[in-house]
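Topology and contacts: notes
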Amino acid sequence: MNRGLLLQLTAPLQTWGHRSRFNERDTATAPTRSGLIGLMASALGRGREIPLDDLQALRFTVRIDRAGSRLRDFHTVGGGMPRRLTLPTAEGKRRSPGSATLISDRYYLQDAAFTIAVTSGDAPLLRTCAQALKNPRWPLYLGRRSCPPSGPVVLADDVASPMRHLLRLPLSRIPPRRTEAVVVEFTADQPLTELIRAAQTEFPDMAVPDVLVQEAPDDPLSFAPRDRRYRSRTQHRITLRLPVTQCQGVGTANLHALAAYLDHEQEALR
C-alpha cells in the first residue's frame, strides 16, 4: 500500500483553471491535477521550463470539505493609456486608444476547503515534496498568485493508510442539525478502489454508490510559457455519507479538531 501526505487547502479565495481562455478565466469545483502539480513545483522552486516527468508519479485524492461559492470578478485591462502603452496584438502591434480596453471575467471559489491525500510509489519523491511544502522555495498559491493559502498546507507526512485518514479527518464544515450523516464528495486521478475499501472497513453499514468516471483536460505535460501542454486524464468521483460528528466547524475550531485528531492518531499515522 502506498504511503502518502495529507494536505488541507483553505483560503478566502481559490481558483483552479479548467478550460480557461483570456476573456473567461473559469474555475473547477475542486483543485485540478495541473494546479496541484504546479503547487508542488512552486514549493520546489522549479522554473516553468523544467520537465515534470518525476512529478507525474504523484496521485491526488481530494475530499471536498466545503465547496464554497462561485465569485465572478469583472476585469478590464489596458484602457485609458496612450497608444505606445496599450496592450500588443497577436501580431505585436499596438492597439489604438479607442479599442485598447480588453474585458475578461475571472472566477473564484469563496470560502472553500479541501483535504487531499497525495500518494505515490516513489517514497523519496513524497519526502522531498513534503519538505518543500513545509519550507517552500517560492510562495505557495491556490491556483493564482492572488490566492495564498490561509496557513500551512501539510497536515501530516509519511502517512500509512492515507485513505483511511482522508475518511476520518475532521471535516471543515459547520455541523447541520437533525441529521446523522453528511454527503461528502471525493475526486481523484486514480481509481477509488483503496478509498472504497477503507470506507467499507471503517463504516461497515455504509452504502457505497457507483463511481462517476469522466475526462478532465488537466494533466500537465509542460508549464513552459511558450509551450504549455496538457492532456486529458480520467477523473473518478464519488459521494459518501460520513458521520455528522466529523463536522468540526471552521476556522480555529477546525484547527483544534485537526490537531487533536493528529495527536490521537499519531501512532496510526506511522
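Located above this text is the structure these notes cover.
Anyway, here's the lowdown on the structure attached to this text. Everything numeric in this text was worked out from a predicted model, so none of it was measured. (Residues numbered from 1 in each chain as written. Predicted model: local features only at pLDDT ≥ 70, side-chain atom pairs only at ≥ 80, totals over all residues. Heavy atoms only, no water.)

Another aspect to go through is the overall build of the chain. Counting its regular elements, the chain contains six helices and nine strands. At 20 Å, the chain has a C-alpha radius of gyration in line with the 18 Å of a compact globule built from 270 residues. Residue burial in the chain is summarised as follows: out of 270 residues, 46% are buried. On the chain, roughly 14,200 Å² of surface is accessible, and the fraction owed to carbon and sulfur atoms is 50%. If the 37 positive side-chain charges of the chain are averaged to one point and the 27 negative ones to another, these points end up 8 Å apart. (Helix = DSSP H or I, 4+ residues; strand = E, 2+ residues; numbered from the N terminus. Rg over C-alpha atoms; globule rule 2.2 N^0.38 Å. Buried < 20%, exposed > 50% of the residue type's maximum accessible area, 1.4 Å probe, protein only. Areas by Shrake-Rupley, 256 points an atom, 1.4 Å probe, with all protein chains shown as cover. Lys, Arg positive; Asp, Glu negative; His and termini not counted. Charge placed at Lys NZ, Arg CZ, Asp CG, Glu CD.)

The next thing to look at is the pattern of salt bridges. Inspection of the entire model under this criterion finds 15 salt bridges. Among the ionic pairs, Arg164 bridges to Glu265, the shortest N-O distance being 3.4 Å. Of this pair, Arg164 sits in helix α3 (residues 162-168) while Glu265 sits in the loop between α5 (252-264) and α6 (266-269); the two residues are 101 residues apart in sequence, bridging distant segments of the chain. When salt bridges with common partners are traced through the structure, they connect Arg33, Asp189, Asp219 and Arg231 into a single cluster. (Salt bridge = Lys/Arg side-chain N within 4 Å of Asp/Glu carboxyl O.)

Where helix α1 (residues 33-44) meets helix α2 (residues 123-134), the axes come as close as 8 Å, and the angle between the chain directions of the two elements is 70°. Between α1 and α2, the interaxial angle falls into the category roughly perpendicular. Of the residues in α2, those in contact with Leu39, Met40, Ala43 and Leu44 of α1 are Thr128, Cys129, Ala132 and Leu133. Class assignment for the residues of the contact of α1 with α2 results in seven nonpolar, one polar and no charged. (Axes fitted to C-alpha atoms, helices over the stretch in contact; angles between N-to-C directions. Parallel < 35°, antiparallel > 145°, perpendicular 65-115°, else oblique. Contact = heavy atoms within 4.5 Å. Nonpolar A, V, L, I, M, F, W, Y, C, P; charged D, E, K, R; others polar.)

One non-glycine residue, Asp158, adopts positive backbone phi at about 50°. Mapped onto the secondary structure, Asp158 falls in strand β6 (residues 154-159). For Asp158, a relative accessible area of 42% gives the class partly exposed. Positive phi outside glycine occurs at Ser161, with the angle close to 50°. Tracing the chain through its elements places Ser161 in the loop between β6 and α3. Relative accessible area serves as the criterion here: at 28%, Ser161 is assigned to the partly exposed category.

So, on to the pairing of strand β8 (residues 212-222). Direction of pairing for β8 relative to strand β9 (residues 229-243): antiparallel, over a ladder of eight bridges. Bridge pairing links Glu215 to Thr234 in β9. Linking β8 back to β9 in an antiparallel pair, the connection comprises six residues. (Pairing = 2+ DSSP bridges.)

Moving on: the packing of aromatic side chains. Summed over the entire model, instances satisfying the criterion amount to one aromatic pair. In this structure, Arg70 is placed above the aromatic ring of Tyr107, and the distance from its NZ or CZ to the ring centre is 4.0 Å. (Phe/Tyr/Trp six-rings, centres within 6.5 Å; stacked < 30°, edge-to-face > 60°. Lys NZ or Arg CZ within 6 Å of the ring centre and 35° of its normal.)

Right, let's get into α2. Counted at 1.5 Å a residue, the expected span for α2 with its 12 residues is 16 Å, and the 17 Å between its end C-alpha atoms agrees. Among the residues making up α2, those that are buried are Leu125, Leu126, Cys129, Ala130, Ala132 and Leu133. One side of α2 holds all its buried residues, which, seen down the axis, span an arc of 165°. (Expected span 1.5 Å × (residues − 1). Arc of directions from axis to C-beta.)

Turning our attention to the environment of Leu52. Here Leu52 is to be found in the loop between α1 and β3 (59-66). Between the C-alpha atom of Leu52 and that of Ala41, which follows or precedes it by 11 residues, the distance is 8.4 Å. Not counting residues within four places of it along the chain, the set of residues in contact with Leu52 comprises Ile37, Pro220, Leu221, Ser222 and Phe223.

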